[in-house]
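# Geometric and topological summary
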Amino acid sequence: MNDFDPPCEVVTNVVSAALAEDIGLLGDLTSIATVGNDERASAVLAAREEGILAGTALVDEAFRQVDHTVEVRWNLRDGDPIEPGTVIAEISGPLRSILTGERVALNFLGHCSGIASLTRRYVRAARGKARILDTRKTLPGLRAVQRAAVRAGGGFNHRDSLSAAVLIKDNHLAGLGLTQAVERARSRWPMRTIEVECENIDQVIEARDVGVDVVLVDNMGPDQVARAVEILEGSAKVEVSGRVTLDSVGAYAETGADFISVGAITHSVRVLDIGLDIN
């Protein structure tokens with residue numbers, strides 16, 4: 001296990017659910033009918049486009065659960081760059097088992113590699129001047145998997161659940177002011193990080209005066225973000241959220257913000273094209 005792998009329990013559970021969904025009650029009818037039980041084969045996982053590899057642990061688990069005699073030999077690791085034609089891994093074992101596990105393995109590998117690839121593009125565009133963070137805009141049940149892929153792409157993880165930190169957003173302020181909300185949160189959770197979403201400069205000033213840990217500047221342009229950084233003078237970390245694209249992330253990184261959170265790296269990612277070819 002490495003830093004780019006989801007927790008082992010998560011890998012086991014999500015792969016088990018995916019295989020149960022894909023195989024169904026009777027098994028792989030096509031492979032059972034057309035492939036001999038003792039027929040063996042070798043195959044390769046090959047990239048069909050440029051990107052960043054992620055999700056190898058889920059591929060290993062998919063074939064292990066289908067048939068522990070299937071062997072997967074990796075030529076690359078999560079976080080490594082791949083190009084069209086790159087042979088990522090070599091697979092050998094019973095052909096029926098390889099075919100049965102193929103789609104689940106490729107679904108996870110393509111999805112995770114797509115996340116890692118898009119994340120790497122944002123990281124490069126930020127030029128090391130701000131950390132790229134994911135958000136809680138993830139697929140239900142797959143958050144840990146997607147967060148691991150973000151790390152493989154060079155990004156960082158925001159809070160993994162509502163239990164991890166206090167993040168006071170506009171909807172939390174419907175019945176009370178920002179200062180009062182922060183004071184209540186600090187009284188209830190004195191050891192937790194307190195972050196406040198600010199939609200204008202007046203709120204940034206109020207957040208500074210009440211002593212929050214992180215100010216999330218939401219849907220502000222780069223000039224406003226730079227002003228918020230200036231006002232805070234290092235008294236709180238600054239996170240940019242909203243209106244961030246590959247075209248604009250560089251300008252936001254230049255403002256001096258510490259973090260830039262990008263929901264698109266998990267909620268709008270395109271699957272990276274990776275194929276399994278029987279030799």
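Quick caveat: nothing in here was measured; it's all calculated off a predicted structure.

What the six strands build is an open sheet, ordered β6-β11-β10-β9-β8-β7; its pairing is parallel. Where the open sheet ends on each side, the last strands, each with one partner, are β6 (131-133) and β7 (166-168). Between one strand axis and the next, the sheet turns through 25° on average, direction left out of account. Sheet topology places strand β10 (residues 237-241) next to strand β11 (residues 259-261); three bridges connect them, and they run parallel. Pairing of S241 across the sheet is with S261, part of β11. Running at roughly 160° to strand β8 (residues 194-198), helix α7 (residues 201-210) makes contact with β8 and β9 (214-218) of the sheet.

We now examine the packing of helix α6 (residues 178-188) against α7. At a minimum axis separation of 9 Å, α6 and α7 run at an interaxial angle of 35°. Taken as a pair, α6 and α7 cross one another with a handedness that is right-handed. Listed contacts from α7 to L178, T179, V182, E183 and R186 of α6 are Q203, E206, A207 and V210. When the residues that make up the contact of α6 with α7 are grouped by side-chain class, the tally is four nonpolar, two polar and three charged.

With respect to burial, β10 is a largely interior element, four of its five residues being buried. After leaving β9, the chain enters helix α8 (residues 222-232) and then returns to the sheet as β10, a path that is right-handed.

Here we come to the packing of aromatic side chains. The relation between two aromatic rings is expressed through the spacing of the ring centres and the mutual angle of the planes. Tallying each qualifying case throughout the model produces zero aromatic pairs. Directly above the aromatic system of F156 lies the positively charged group of R131, at a separation of 3.9 Å from the ring centroid. The ring of W189 has R188 lying over it, and the distance from NZ or CZ to the ring centre is 4.2 Å.

The rules behind these values
- Residues numbered from 1 in each chain as written.
- Predicted model: local features only at pLDDT ≥ 70, side-chain atom pairs only at ≥ 80, totals over all residues.
- Heavy atoms only, no water.
- Pairing = 2+ DSSP bridges.
- Helix = DSSP H or I, 4+ residues; strand = E, 2+ residues; numbered from the N terminus.
- Axes fitted to C-alpha atoms, helices over the stretch in contact; angles between N-to-C directions.
- Contact = heavy atoms within 4.5 Å.
- Left-handed = near helix turned anticlockwise from the far one by under 90°.
- Nonpolar A, V, L, I, M, F, W, Y, C, P; charged D, E, K, R; others polar.
- Buried < 20%, exposed > 50% of the residue type's maximum accessible area, 1.4 Å probe, protein only.
- Right-handed = clockwise from strand over helix to strand, strands pointing away.
- Phe/Tyr/Trp six-rings, centres within 6.5 Å; stacked < 30°, edge-to-face > 60°.
- Lys NZ or Arg CZ within 6 Å of the ring centre and 35° of its normal.

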